[in-house]
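# Residue-level structural notes
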Amino acid sequence: SSVSSGEGWNNHVEMGLWADAMIVAPATANTLAKMATGICDNAVQAVYLSARCPVFFAPAMDLDMWQHPTTQGNVERLISFGNHMIPVGFGELASGLTGEGRMAEPEDIVTFLDNFFDKEQKLSGKKILITAGPTYEKIDPVRFIGNYSSGKMGIALANEAADNGAQVYLVLGPTHLTTDHPGVEVINVTTAVEMRDNSVRLFPDCDAGILAAAVADYRPKAYAEQKIKKNDQDFTIELVENPDIAKELGQSKKADQLLVGFALETQSEEANAKAKIKKKNFDFIVLNSLNDKGAGFGYDTNKISIIGKDNKIKNFELKSKTEVAGDIIDELANRLEG
Ligand code: PMT
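## A word on the site of the ligand
Around the ligand, 27 residues are found, and the nearest of them are Ser149, Ser150, Lys276, Asn288 and Gly298. Here an oxygen atom of the ligand and a side-chain polar atom of Lys280 are 3.1 Å apart. When the ligand sits alone it has 780 Å² of accessible area, and the protein chains cover 95% of it. The set of elements that each furnish at least two residues to the shell around the ligand consists of helix 7 (152-163), helix 9 (245-252), strand 14 (258-265) and helix 10 (269-280). The dominant element in the shell around the ligand, judged by the number of residues it contributes, is strand 14, at four residues. Residue composition of the shell around the ligand, by class: 13 nonpolar, eight polar and six charged.

## Some points on the packing of aromatic side chains
On inspection of all chains with the given rule, the structure shows six aromatic pairs. With a centroid separation of 6.2 Å and an interplanar angle of 85°, the aromatic rings of Phe56 and Phe112 are classed as edge-to-face. With a gap of 56 residues between them, Phe56 in strand 2 (residues 55-59) and Phe112 in helix 6 (residues 106-118) connect regions that are remote in the sequence. Exposure remark for Phe56: the relative accessible area of 0% places this residue in the buried category. Accessibility expressed as a relative area gives 26% for Phe112, which makes it partly exposed. Ring geometry for Phe116 versus Phe117: centroids 5.1 Å apart, planes at 80°, classification edge-to-face.

## Overview of the pattern of salt bridges
Side chains bearing opposite charge may pair, as long as their charged atoms lie close to each other. In this structure the tally under the stated criterion is 19 salt bridges. Its salt-bridge partner being Glu265, residue Lys276 comes within 2.6 Å of it at the nearest N-O pair. Note that Lys276 is positioned in helix 10 and Glu265 in strand 14, a separation of eleven residues in sequence. Look at Glu265 and you get buried, because its relative accessible area is 7%. Residues participating in the shared-partner salt-bridge network are Glu76, Lys152 and Asp300.

What counts and how
Residues numbered from 1 in each chain as written. Predicted model: local features only at pLDDT ≥ 70, side-chain atom pairs only at ≥ 80, totals over all residues. Heavy atoms only, no water. Near = heavy atom within 4 Å. Polar contact = N/O pair within 3.5 Å; in protein donor to acceptor, adjacent residues only side chain to side chain. Areas by Shrake-Rupley, 256 points an atom, 1.4 Å probe, with all protein chains shown as cover. Helix = DSSP H or I, 4+ residues; strand = E, 2+ residues; numbered from the N terminus. Nonpolar A, V, L, I, M, F, W, Y, C, P; charged D, E, K, R; others polar. Phe/Tyr/Trp six-rings, centres within 6.5 Å; stacked < 30°, edge-to-face > 60°. Buried < 20%, exposed > 50% of the residue type's maximum accessible area, 1.4 Å probe, protein only. Salt bridge = Lys/Arg side-chain N within 4 Å of Asp/Glu carboxyl O.

So, in structure tokens, the structure goes:
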């Protein structure tokens, strides 16, 4: 490779900046692991770390290696960073076994790239605020009140909006996931108050807001500076109301701004979601229910309904959160145009 050809130490940087796309195919378990953790001991990894262009990877390995939790965890991280996976195929593998893990056919890789680059830049010139992840409300230096949000849904939305040309502010609660998509500015926060302050600061400059965060409605009234000691009695934490970010943005919203909410429900899903549209002045709401298998917190998939102000409902199948984000961004882009 030219990196080792003696032309200079920084050729990987030049390549990373020069390319319009980087394709890693076949992406072995080893290569995926290095990409996911930043190990930089060869030219591919050095170029990958320097690349500012969209990166595509086409995994190829034996079925058990593909299914291994380490591999799946690495793929999850790479997708959350904003890289694009070209799905593996099913069939006969080099080992003679049959299963998932075959590299996508070269023609399919080309088609994937064609579709990606043909994609209209539906949100070009638009600025979008997205909230994602949980909030942690501090009790004392070692404890907090939180929830199970992983941030995956909101990160997928941020990557999808940026792929469509938007400039994205992602206000992200505490999670191990993030993105390094060049179109996304990540603002890391911990508490609902911090999430509110950043959202209120950024929203006036935006064309739309998408509120995918699971925000704690309450926080402890007092923060104990020292670790609270156990004694032999029951213990009560007094809670006070947190700011309702959605409601505040809904009230301040200008005529040309759109606001999209989420509703995570466990019962009377539609009725609760419709009430939230009114209460928070959303243009539409994305409903997901904890009663649907594979939907909601943590999963790589989600099953949503989009409900408009006019109470019209569009139901979608269970899909990857990346595909769900595509459906939501389509809806937003149509409404921003219309
Ligand atoms: O992060 P993942 O693991 O991928 O999971 C995704 C998700 C389930 C968290 C996501 O899809 C989702 O449903 N997010 C909203 C969860 C929620 O808290 O909904 P809610 O019904 O409590 O709130 C309604 C809306 O008001 C939401 O848009 C919420 O962001 C917003 N809100 C709520 C309370 C508050 N204090 N401020 C807010 O802005």
